[in-house]
Amino acid sequence: MRLGFLGPQGTFTHAALLASRHAEGAQAVPFATERETILAAESGAVDAALVPIENALEGGVNATLDTLALDAPQARIVGEELLAISHALIARPGVAEAAIEVVVSHPQALGQCRRFLADVLPGRRAVAATATAEAVRTVAAATEPWAAIGPAAAAALHGCVVLREGIEDEHGNVTRFIWVAGPGPPEAPFAAGAGGAWKTSLVFHGAGDTTPGWLVGCLGAFASRGINLVRIESRPLKRGLGHYQFLVDFEGRAQDPDVAGAIAALAAHCEQVRVLGSYPAAA
Ligand SMILES: O=C(O)C(=O)C[C@]1(C(=O)O)C=C[C@@H](O)C=C1
């Protein structure tokens, strides 16, 4: 099995892949952005691919949400992983913390360390990278005193050193990742052997989204059937201000009668409902 991930080697996504029960015997294939990773899974270039979708401190990963909802209509969510996230400040050997001029990282990582950056490195320019390990690679190649934020383990990959560890703004930092696959049998390739609880993700937008109570009516389809919503996120529909799509996660499986009933009731309220997938919930 070929499994894509947000690369390069050494990202948190790579670590989440290696820790997954799906990694055994698989070939891990890096992609440069969340979008490229999802599109590779959708096209079948890889059997499935892992991308970050939300973080306990910084919230949703917009590139993942928007690519899934708007640009990868055939993509399905087939699994999820959780990984504890601790960030390190990484620089070339010999670069002192006080000399750092620029801090490079994935915007999610910069956001998770916002307080640290304001308190310890105020005024430093923040530069966005496609991933934390890419930021370490950039810093290793720079001639200026730049630092990266990312996994401590990524430092050694590029001959860098860790200046500080545990710089995230709160303890207990966790990122949730999703496995994405292209069209195929429901829940494949990861359904086999899955026990325990299931989750379903879907995205909807309305017809009627300017009517008072429209969203309450949509969510009522779940509440009236006792289905527990565990996440809701709105993202722009990209049709002008005031128009959103809603990504929801809830407990249960699309084939459960109550869930199927809720989805049908929701569809009656909406211009479009797309089930992104049902998958075993991460513990
Ligand atoms: O840059 C990486 O190392 C990633 O895997 C991406 C990512 C993310 O986008 O959320 C993954 C986990 C952390 O939350 C920070 C960055």
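Residues numbered from 1 in each chain as written. Predicted model: local features only at pLDDT ≥ 70, side-chain atom pairs only at ≥ 80, totals over all residues. Heavy atoms only, no water.

Take the domain arrangement of the chain next. What the domain assignment lists for the chain is domain 1 (2–84 + 173–181), domain 2 (88–165) and domain 3 (198–280). Relative to domain 3, the C-alpha centre of domain 2 lies at a distance of 39 Å. (Domains from an automatic or database assignment.)

This part takes up the packing of helix α2 (residues 34–43) against helix α3 (residues 62–71). A packed helix pair is summarised by two numbers, namely the angle formed by the two axes and the spacing between the axes. Orientation of α2 relative to α3, taken along the N-to-C sense of each, is 40 degrees, at an axis distance of 9 Å. Of the possible angle classes, the one that applies to α2 and α3 is oblique. Crossing hand, α2 versus α3: right-handed. Here E34, R35, I38, L39 and E42 of α2 come into contact with α3, specifically with A63, T64, T67, L68 and D71. Looking at the contact of α2 with α3 residue by residue, the class counts come to four nonpolar, two polar and four charged. (Axes fitted to C-alpha atoms, helices over the stretch in contact; angles between N-to-C directions. Helix = DSSP H or I, 4+ residues; strand = E, 2+ residues; numbered from the N terminus. Parallel < 35°, antiparallel > 145°, perpendicular 65-115°, else oblique. Left-handed = near helix turned anticlockwise from the far one by under 90°. Contact = heavy atoms within 4.5 Å. Nonpolar A, V, L, I, M, F, W, Y, C, P; charged D, E, K, R; others polar.)

This prediction gives the chain a mean pLDDT of 96; 98% of its residues lie at or above 70. Model confidence for the complex: the whole-complex pTM is 0.96, and ipTM, which rates the interface, is 0.97. (pLDDT = per-residue confidence, 0-100.)

Taken together, four strands build an open sheet; the order of strands is β13-β14-β12-β15 and the sheet is antiparallel. At either end of the open sheet lies a strand with only one pairing partner, and these are β13 (229–236) and β15 (272–280). For this sheet the average axis-to-axis angle between neighbouring strands, irrespective of direction, equals 15 degrees. Two strands pair when backbone bridges link them, and strand β12 (residues 198–205) and β15 are joined in this way by eight bridges, in the antiparallel orientation. Each residue of the ladder has a partner; that of H205, found in β15, is Q272. In the packing of helix α9 (residues 257–269) onto the sheet, the strands contacted are β12, β14 (244–251) and β15, and the crossing angle to β15 comes to about 160 degrees. (Pairing = 2+ DSSP bridges.)

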